[in-house]
Amino acid sequence: MSESRSSSTFIELVEQFARLDQSPATAPEPGAGELTATLLVGDFESSCGNCRKATLVHGVDRHTDISGWDEKPGGGCGARFTDIASASRAVTAAHLRQLRPDLPLRAH
Ligand SMILES: [Zn+2]
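About the criteria used
- Residues numbered from 1 in each chain as written.
- Predicted model: local features only at pLDDT ≥ 70, side-chain atom pairs only at ≥ 80, totals over all residues.
- Pairing = 2+ DSSP bridges.
- Helix = DSSP H or I, 4+ residues; strand = E, 2+ residues; numbered from the N terminus.
- Core = buried A, V, L, I, M, F, W, Y, C linked by C-beta atoms within 7 Å.
- Buried ≥ 20, exposed ≤ 12 C-beta atoms within 10 Å, placed from the backbone.
- Contact = placed C-beta atoms within 7 Å.

Q: I tried to follow the sheet that holds strand β3 (residues 54-55) on my own but got confused; where do I start?
A: Two pairing modes exist for strands in a sheet, parallel and antiparallel, and in both the strands are linked by backbone hydrogen bonds. Taken together, the four strands give an open sheet; going across it, the order is β3-β2-β1-β4, and neighbouring strands pair in mixed fashion. Looking at the sheet topology across the chains shown, the edges are occupied by β3 and β4 (80-86). Inspection of the sheet shows strand β2 (residues 46-48) paired to β3 by two bridges, in the antiparallel sense. Bridge pairing links S47 to A54 in β3.

Q: What is the right way to look at the nonpolar core in this model?
A: Inside soluble globular proteins, nonpolar side chains tend to come together where they are buried. If you look at the biggest cluster of nonpolar residues, it comprises eleven residues: A37, L39, L40, V41, C48, C51, C77, A79, F81, I84 and L96. At the level of secondary structure, the elements contributing two or more residues to this core comprise β1 (36-41) and β4. Take this core: its biggest share by element is four residues, from β1. Contacts of L39, omitting those with residues within four sequence positions, involve S46, G49, T55, V57, F81, I84, R100 and L103.

Q: Would you mind showing me how to read the pairing of β1 here?
A: Look at any regular strand and the pattern is simple: side chains alternate between the two faces of the sheet. Pairing geometry for β1 and β4, over six bridges, is parallel. Looking at the pairing, A37 lines up with F81 of β4. In sequence, β1 turns back onto β2 through a hairpin of four residues.

Q: Sorry if this is basic, but what is going on with unusual backbone geometry here?
A: Residues apart from glycine generally show negative phi values, whereas peptide bonds are mostly found in trans. In this model, R52 sits at a positive phi of 70 degrees, which is unusual for a non-glycine residue. Tracing the backbone shows R52 in the loop between β2 and β3. Under the C-beta neighbour-count criterion, R52 is labelled exposed, with 12 such atoms within 10 Å.

Nothing here speaks to function; it is geometry throughout.
Below, the structure is given as structure tokens:
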């Protein structure tokens, strides 16, 4: 059963290195607990406070999709949104509450 493990191919090694390469600089420390982020709401699009990539605003508990950048699901960092903040002067606190009443506003 352990046969496949001892006969790693060159391709497998390359894939392992590729995976290591993909780990983001902001990766959570082991044992630091769950990855969380602030939902940043801008004028036309919103982004994830952890990885700074675009995200959906409505109906998302976690950053799973990069909205507007890639149509197929995925691409988000998986952080759970724990609060919400404005990334634009035009987005008011009242607007944020309206968007996501379930998320508290980030303390300034
Ligand atoms: Zn993210």
